[in-house]
Amino acid sequence: MSEKFTKAMARNIFYGGAVFFFLLFLALTFDTHGELPKRDHRENITEKVAMGKMVWEENDCIGCHTLLGEGAYFAPELGNVYKRFGNSKEGIIAFIKSRPPQGIEGRRSMPQFNLSDEELDALAEFLKWASEINTAGWPPNIQG
Amino acid sequence: MQYSSQAVAKPYFIAAIGLFVGQILFGLIMGLQYVWGDFLFPEIPFNVARMVHTNLLIVWLLFGFMGAAYYIVPEETETELASPKLALALFWIFLVAGALTILGYLLVPYARLAEITGNGLLPTMGREFLEQPTITKIGIVIVALGFLYNITMTILKGRKTVISLVLLLGLWGLAVFFLFSFYNPANLVLDKYYWWWVVHLWVEGVWELILGSILAFVLIKVTGVDREIIEKWLYVIIAMTLITGIIGTGHHYYWIGTPEYWQWLGSVFSALEPIPFFMMVIFAFNMVNQRRREHPNKAATLWALGTPVMAFLGAGVWGFMHTLAPVNYYTHGTQITAAHGHMAFYGAYVMVVLAIISYAMPILRGRAAANSGKAQVVEMWAFWLMTVSMVFITLFLTGAGILQVWLQRVSEDPQPFMVVQEKIALFYWMREVAGLFFLTGLALYIISFFVGSREEEATV
């Protein structure tokens, strides 16, 4: 790099750039917070939905599945699973309940988590709420 | 070794390599589960293997960063570490806490682990990469504070160089942004929004400061180029990192419920994220070409040149490939993401840690500057074997990803996830074979520490 461009100038670009863009990021975050209620339908986050999120987390579902495209890529996307199962909580519950404890020979299988009826209902309610988030049209189709 | 307290880096480096082996073994288990679905089921289900794989990676890189800091800072500040005893105590605390957490993942069902560790009191578990029980997270914060205290006090009492200041800034940033892992609202959108403040602002933000400063340190040592020149480059590179990378966080805010202006912001800024990596390549090769001395540690120079190249390919090129919103609409959450993740982490962070280990370990083990020629040859074979294997892992996952995107998302008759997975199994098999070659490379790497130790040190 040329002699005219000094270390002090490089340092100033670093500190100036970092501070400026972090402040811009904070401003955008503030704006996002204002926009989110229209998109996440937080008025529908009932106690049951919140409990469903806990069930989701405490069984590490994200370790195999994606949720809105984030997570592991071993098992299907679940952000739209409520819709894929024909807008049916019962379908989701029946699927989770019927997983064989010893798996399926040679194939990927979801573990049998032995969830209570209350936990199953909460989880399904959480996935139903998640399917109603405005995700800008993602995923491209029902297969996730 | 110029300062005796630098010796505390050694256990950190050894632990890092040990955990690296564990990470790769679990990676191979997962790779096999992709094609042999019930392998080790139900004893080690995929999600458990994945937690172990990713958490070991994070923990061993942290061991590597801490070891690097304990080695670099005394030499840069020209003073002994504030407290080598604290450094050693924190080493054991971190190692035991880490081991217990991994054992927890493996020995009890995750829901039971959540219950035992009182996740209900402050729920933070069950989010990707942040699966650690809340008490482990608190432990990480305590270890980080002790570590930062030690490093900060050392820098305060000694010479202040750009390398040590940038390193310090990166390490403080690492600790500060980790605090967002304790924020876990019931609203999934908000949860995801701030989850990225840990994950993205780590790997595409403050960790790059750590990467840059470690690389700059190794380059000063092996090339003898004037510090002024290297430090100027370092500032420009990390300036570009943060200028592009902070708003670049927006490339994670396309489809998670956040406003749609993020598609523009994320696309534009993250498209610029390869620039600092490209500058890093130019920088490293320029410095080595303008070297003012011949350093006998050829292996360390190889790692220092390999790091920016692979980071540019993995983070820069493979990142750019799916970062524009209209492309990401189809590739989001597919094997394309996995391909990028593998090469980016290997190229940027694994390789820089192995570069500083390669430079420092011979000195920590009592050599003047380098291992014997024989040990270096084995280490360089390990470099090529691991690096080329990672290129193939990435290519095979990319192949799988392109087919997945096409069959599941683009074609006129989109097929279900599992149907597609079976159709692309061949790519997973090839990835697993490449993984075995990677393991061979890792084995050679470890062997390189035990060969030629009685032979004369290499000369230039």
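Residues numbered from 1 in each chain as written. Chains lettered and ligands numbered in written order. Predicted model: local features only at pLDDT ≥ 70, side-chain atom pairs only at ≥ 80, totals over all residues. Heavy atoms only, no water.

Enquirer: Hey, could you go over the interface of chain B and chain A for me, with residue numbers and the actual values?
Expert: Residue-level contacts link 88 residues of chain B with 75 residues of chain A. Of the roughly 6900 Å² buried at the junction of chain B and chain A (both faces included), carbon and sulfur atoms supply 65%. Across the chain B-chain A interface, the total number found is six salt bridges. Salt-bridge contacts for Lys 192 of chain B lead to Glu 70 of chain A; the nearest nitrogen and oxygen are separated by 2.9 Å. Applying the counting rule to chain B against chain A returns 39 residue pairs in polar contact (both at pLDDT 80 or more). A breakdown of the residues in the side of chain B that touches chain A according to their chemical character gives 53 nonpolar, 22 polar and 13 charged. (Contact = heavy atoms within 4.5 Å. Buried area = accessible area lost by both parts, 1.4 Å probe. Salt bridge = Lys/Arg side-chain N within 4 Å of Asp/Glu carboxyl O. Polar contact = N/O pair within 3.5 Å; in protein donor to acceptor, adjacent residues only side chain to side chain. Nonpolar A, V, L, I, M, F, W, Y, C, P; charged D, E, K, R; others polar.)

Enquirer: Describe the pattern of salt bridges, naming the residues involved and giving the relevant values.
Expert: Any two side chains of opposite charge can pair if their charged atoms end up close together. Residues and elements named next belong to chain A. Within this structure, the stated rule accounts for 24 salt bridges over all chains. In this structure, Lys 38 engages Glu 35 in a salt bridge whose closest nitrogen and oxygen atoms are separated by 3.4 Å. One end of the pair, Lys 38, and the other, Glu 35, are both in helix H1 (residues 7-40), three residues apart, so they sit about a helical turn from each other. With a relative accessible area of 58%, Lys 38 lands in the exposed category. Residue class for Glu 35 comes out partly exposed when judged on its relative accessible area of 28%. (Helix = DSSP H or I, 4+ residues; strand = E, 2+ residues; numbered from the N terminus. Buried < 20%, exposed > 50% of the residue type's maximum accessible area, 1.4 Å probe, protein only.)

Enquirer: An account of the side chain of Lys 89 of chain A is needed here, citing residue identities and associated values.
Expert: All names here are of chain A. On the secondary structure map, Lys 89 appears in helix H4 (residues 89-97). Owing to a relative accessible area of 17%, Lys 89 belongs among the buried residues under this scheme. Look past the residues within four positions of Lys 89 in its chain and what remains in contact with it is Tyr 82, Asp 121, Ala 124, Glu 125 and Lys 128.

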